[in-house]
Amino acid sequence: MAAQPERGTAPPSAAASSIETVLRGATVYDGTGSEGIIVDVALADDRIVAVSRDLDIEGSNEIDLSGLSLAPGFIDTHTHDDFAVILHPEMAFKVRGGVTTSIVGNCGMGTAPHHQAVQVAQSFHPDAELPVWEGYGGYLDLLEDAPASINIAALMGHGTIRAAVMGPRDTAPTSEQLAAMSEMLVEGLDAGCLGMSTGLIYEPGRHATTDELAALASVVAAAGGIYTSHIRNEADHLEQSIDEAIEIGRRSGAPVVISHLKVTGKRNWGTAQRVLDQIAAARSTGVDVAADQYPYTAGSTVLSAILDQGALRNEASPFGGLSGDDVAIASCPAHPEWNGRTLTDIGAELGMNAADAADHVIATDLRTNIILHSMSEDDVQTILATEGIMIGSDGLPTLEGQPHPRLYGTFARVLGHYSRDLGVLSLAAAIHRMTERPADVFGLVDRGVIRPGAVADLVAFDAETVIDTGTFDDPQRYPTGIEWVWVSGVAVVAGGEHTGKRPGRVLRRSPRRAASDTAASNTAASNTAASNTAV
Ligand SMILES: [Zn+2]
């Protein structure tokens with residue numbers, strides 16, 4: 001390692017007067033996919049100002065990171081932290097896992113208009129009191145005025161906007177309704193939202209046709225925004241659903257992110273590579289398609305979604321067929337004693353079958369969340385081994401219940417379990433897919449890399465010990481081995497403990513880097529252990 005050239009050294013004379021912190025002796029992974037090298041990193045204000053071996057500057061704060069790995073802070077590409085960031089601003093469940101930025105507003109669920117947004121909030125934060133804000137701009141301003149411990153970037157939710165304009169209608173929008181939805185999108189884009197998400201498996205997003213979505217995505221594309229989608233069907237019609245996302249990208253010109261890419265429904269297991277090839281083929285024809293993934297074989301959502309789609313009684317539902325053993329309650333505010341138990345188990349107690357038990361639970365409390373064991377380990381690994389796949393937790397921050405452990409453990413699990421222990425991907429590639437890759441895809445400038453001039457969002461962890469520790473029975477546990485986290489140069493985790501600091505910022509949309517730059521960074525990260533098609 002010592003033989004490698006130094007990179008990106010700033011002239012010490014230029015920076016020496018303002019150096020505050022020098023991080024010494026870590027193995028630095030710069031986020032580009034390059035292997036780690038032992039160098040020192042100097043910070044001044046919110047920026048990295050020097051990266052060099054044996055840096056000859058004294059900082060007012062010298063920190064010895066010998067034996068640790070230092071990486072750009074992790075960007076959680078897929079979160080539902082929209083309201084948690086207001087209600088739990090220290091965001092310990094994210095920052096203790098190395099996350100420095102959450103992208104909110106996923107799966108069609110956004111934070112404006114406020115009246116609709118707070119209804120969604122009820123599912124994740126029962127009875128919580130939220131402040132009032134006006135539009136997406138008002139939401140972002142609120143976070144700027146009362147910062148959290150991590151950065152937030154926001155997508156707009158198609159479902160939230162559609163509900164505000166059209167209510168629960170299953171018809172196509174009139175031209176006036178389409179114009180009203182477009183106007184809300186423009187408000188959010190002007191305020192700095194990154195783009196629009198859809199949730200085509202949920203009410204009311206599932207009633208939108210491809211034409212409606214392409215028209216709205218065109219509004220987003222015109223402002224340089226992105227289109228992300230929880231696609232219409234992740235089971236029997238997975239390929240058609242990915243085709244629809246690609247078509248929306250092609251027609252609108254918006255870059256596409258397929259959210260939490262997975263194969264559900266037992267009879268579809270083993271088809272992940274086919275889907276990855278399908279995405280790679282679309283990319284080769286010039287459609288910009290990316291995808292993110294969480295590293296678990298179980299999903300999590302609201303119980304109402306699987307019941308609306310008949311998943312417990314119909315093998316052909318968009319979730320695939322689910323049995324009562326496959327579904328456990330994550331949180332039921334009216335009956336917390338059901339948390340963690342399967343529908344089969346609850347049904348046995350109530351003297352009914354699992355499907356009837358589910359109907360009973362939802363009638364008791366509409367805000368019930370569930371865990372669904374619905375994927376195969378092989379498919380999860382096939383997707384994770386693929387170059388360019390980003391990491392997004394999709395965690396539901398229902399801290400009162402038994403949330404899916406991905407809320408806390410996603411990044412540590414990829415680093416420790418899948419990279420170190422199983423060798424599914426290299427450590428450098430894993431870090432790239434949590435840092436520079438999402439910064440490029442979502443247009444987060446000066447983030448996701450360690451180089452002079454970049455913002456000092458950083459995480460230091462022990463590559464030998466880092467691991468997720470939460471389980472489905474006991475999910476609310478911080479990972480092991482995440483020792484330090486800095487957000488904009490401020491230590492938010494120090495020696496494994498939260499410092500209480502809240503330096504998080506609102507990251508507003510910037511023009512994305514040219515496609516050729518993104519392709520170059522993909523090539524730099526081609527050192528994955530088992531990939532052949534890039535997504
Ligand atoms: Zn989703």
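The rules behind the values
- Residues numbered from 1 in each chain as written.
- Predicted model: local features only at pLDDT ≥ 70, side-chain atom pairs only at ≥ 80, totals over all residues.
- Heavy atoms only, no water.
- Helix = DSSP H or I, 4+ residues; strand = E, 2+ residues; numbered from the N terminus.
- Rg over C-alpha atoms; globule rule 2.2 N^0.38 Å.
- Buried < 20%, exposed > 50% of the residue type's maximum accessible area, 1.4 Å probe, protein only.
- Contact = heavy atoms within 4.5 Å.
- Areas by Shrake-Rupley, 256 points an atom, 1.4 Å probe, with all protein chains shown as cover.
- Lys, Arg positive; Asp, Glu negative; His and termini not counted.
- Charge placed at Lys NZ, Arg CZ, Asp CG, Glu CD.
- Polar contact = N/O pair within 3.5 Å; in protein donor to acceptor, adjacent residues only side chain to side chain.
- Core = buried A, V, L, I, M, F, W, Y, C linked by side-chain atoms within 4.5 Å.
- 1 Å grid on protein atoms, 1.4 Å probe; cavity = no way out; pocket = protein on both sides within 12 Å on 5 of 7 lines; lining within 4 Å.
- Points joined across faces, edges and corners; volume = space filled by probe spheres on them.
- Nonpolar A, V, L, I, M, F, W, Y, C, P; charged D, E, K, R; others polar.
- Donors = N, O, S within 2.8 Å, 3.2 Å for Na, K, Ca; no water.
- pLDDT = per-residue confidence, 0-100.
- Salt bridge = Lys/Arg side-chain N within 4 Å of Asp/Glu carboxyl O.
- Pairing = 2+ DSSP bridges.
- Axes fitted to C-alpha atoms, helices over the stretch in contact; angles between N-to-C directions.
- Parallel < 35°, antiparallel > 145°, perpendicular 65-115°, else oblique.

**Focus: the overall build of the protein chain**
- Check the secondary structure of the protein chain and you find 18 helices and 22 strands.
- Its C-alpha radius of gyration of 22 Å places the protein chain within 12% of the 24 Å reference for a compact globule of 535 residues.
- Overall, the protein chain is about 70 × 50 × 45 Å in size when its C-alpha atoms are taken along their principal axes.
- Scored against the burial criterion, the 535 residues of the protein chain give a buried share of 62%.
- Taking as baseline every contact in the protein chain between residues at least 6 positions apart, the subset at least 24 positions apart corresponds to 76%.
- When the accessible area of the protein chain is evaluated, it comes to approximately 18,100 Å², of which 50% is carbon and sulfur surface.
- Of the side-chain charges in the protein chain, 35 are positive and 68 negative, and the distance between the mean point of each set is 3 Å.

**Looking at the side chain of aspartate 365**
- Topologically, aspartate 365 is positioned in the loop between helix H13 (354–364) and strand E17 (369–373).
- A polar atom in the side chain of aspartate 365 sits 2.9 Å from the backbone nitrogen of arginine 367.
- In contact with aspartate 365, not counting residues within four places along its chain, are Cys332, Pro333 and Ala334.

**Some remarks on the nonpolar core**
- Judged by nonpolar contacts, the single largest core of 95 residues is most densely connected at Ile258, Leu261 and Phe461.
- The greatest single-element share of this core, amounting to seven residues, is contributed by helix H15 (residues 406–421).
- Residues within four places of phenylalanine 461 in sequence aside, it is in contact with Leu68, Ser69, Ala71, Phe74, Leu415, Leu427, Ile431, Val466, Gly481, Ile482 and Glu483.
- With 27 residues, the next largest nonpolar core counts Ile306, Ala354, Ala358 and Ile370 among its residues.

**So, the layout of surface pockets**
- Estimates place the volume of the largest pocket at around 910 Å³.
- In terms of lining residues, the largest pocket is bounded by 42 residues, among which Met109, Tyr202, Glu203, Val302 and Ser304 are the most central.
- The greatest single-element share of the lining of the largest pocket, amounting to six residues, is contributed by helix H4 (residues 114–124).
- Of the residues belonging to the lining of the largest pocket, the class tally is 16 nonpolar, 20 polar and six charged.

**Structural notes on the coordination of the zinc ion**
- Every protein donor of the zinc ion is accounted for by Cys107 (SG), His230 (ND1) and His260 (NE2), and the metal-donor separations fall at 2.1 to 2.2 Å.
- Each donor residue of the zinc ion belongs to the same chain, and together they define the spacing C-x122-H-x29-H. With cysteine 107 in the loop between strand E9 (99–104) and H4 and histidine 260 in the loop between strand E13 (256–258) and helix H10 (272–284), this pair connects stretches of sequence that are 153 residues apart. By the burial criterion, cysteine 107 is buried, and histidine 260 matches it.

**Examining the confidence of the model for the protein chain**
- Summary statistics for the protein chain give a mean pLDDT of 92 and a share of 92% for residues scoring 70 or more.
- Counting contacts from residues 1–17, a segment whose pLDDT is below 50, to residues more than four positions away or on other chains yields 23 contacts.
- Across residues 512–532, confidence stays below pLDDT 50; counting only partners more than four residues off in sequence or on other chains, it has 47 contacts.

**Side note on helix H6 (residues 158–166)**
- By the criterion of burial, H6 is predominantly enclosed, with seven of the nine residues buried.
- Turning to H6, the residues buried within the fold contact H4, helix H5 (135–145), strand E10 (151–157), helix H7 (175–191), strand E11 (195–199) and helix H8 (210–222).
- Looking one or two residues past H6, glycine 167 carries a phi angle of roughly 65°, positive in sign.

**Some thoughts on the pattern of salt bridges**
- Under the criterion given, the structure shown has 31 salt bridges.
- One salt bridge in this structure joins arginine 477 and aspartate 474, with 2.6 Å as the shortest N-O distance.
- Given the relative accessible area of 43%, arginine 477 is considered partly exposed.
- On the accessibility criterion, aspartate 474 (33% relative accessible area) is partly exposed.
- Among the charged side chains, a network of salt bridges with common partners joins Asp46, Arg47, Asp446, Arg451 and Arg505.

**Description of the sheet that holds strand E12 (residues 226–230)**
- Spatially, E8-E9-E10-E11-E12-E13-E14-E18 is the arrangement adopted by the eight strands of the open sheet, whose pairing is parallel. In this open sheet, the two strands that pair with only one neighbour each are strand E8 (74–76) and strand E18 (390–391).
- Here E10 runs beside E11; their pairing, made up of three bridges, is parallel. Directly across from leucine 155, in E11, lies its bridge partner glycine 195.
- Seen against the sheet, H15 touches E8, E9 and E18 and runs at an angle of roughly 125° to E8.

**What about the packing of H5 against H7?**
- Where H5 contacts H7, the two axes come as close as 7 Å, and the packing angle between them is 30°. In terms of axis orientation, H5 runs roughly parallel to H7. On H7, the residues touching Gly135, Tyr136, Gly137 and Leu140 of H5 are Glu187, Gly188 and Ala191.
- In terms of residue class, the contact of H5 with H7 is built from three nonpolar, three polar and one charged.

**Some points on unusual backbone geometry**
- A cis geometry characterises the amide bond from alanine 112 onward to proline 113, with omega recorded as -5°.
- Take proline 113: it is sitting in the loop between E9 and H4.
- With an omega dihedral of -10°, the bond running from glutamate 203 to proline 204 counts as a cis peptide bond.
- Among the structural elements, proline 204 can be located in the loop between E11 and H8.
- Here aspartate 54, not a glycine, exhibits a phi torsion of approximately 45°, which is positive.
- With respect to the helices and strands, the residue aspartate 54 is situated in the loop between strand E5 (47–52) and strand E6 (61–64).
- Looking at aspartate 54, the relative accessible area reads 63%, which means it is exposed.

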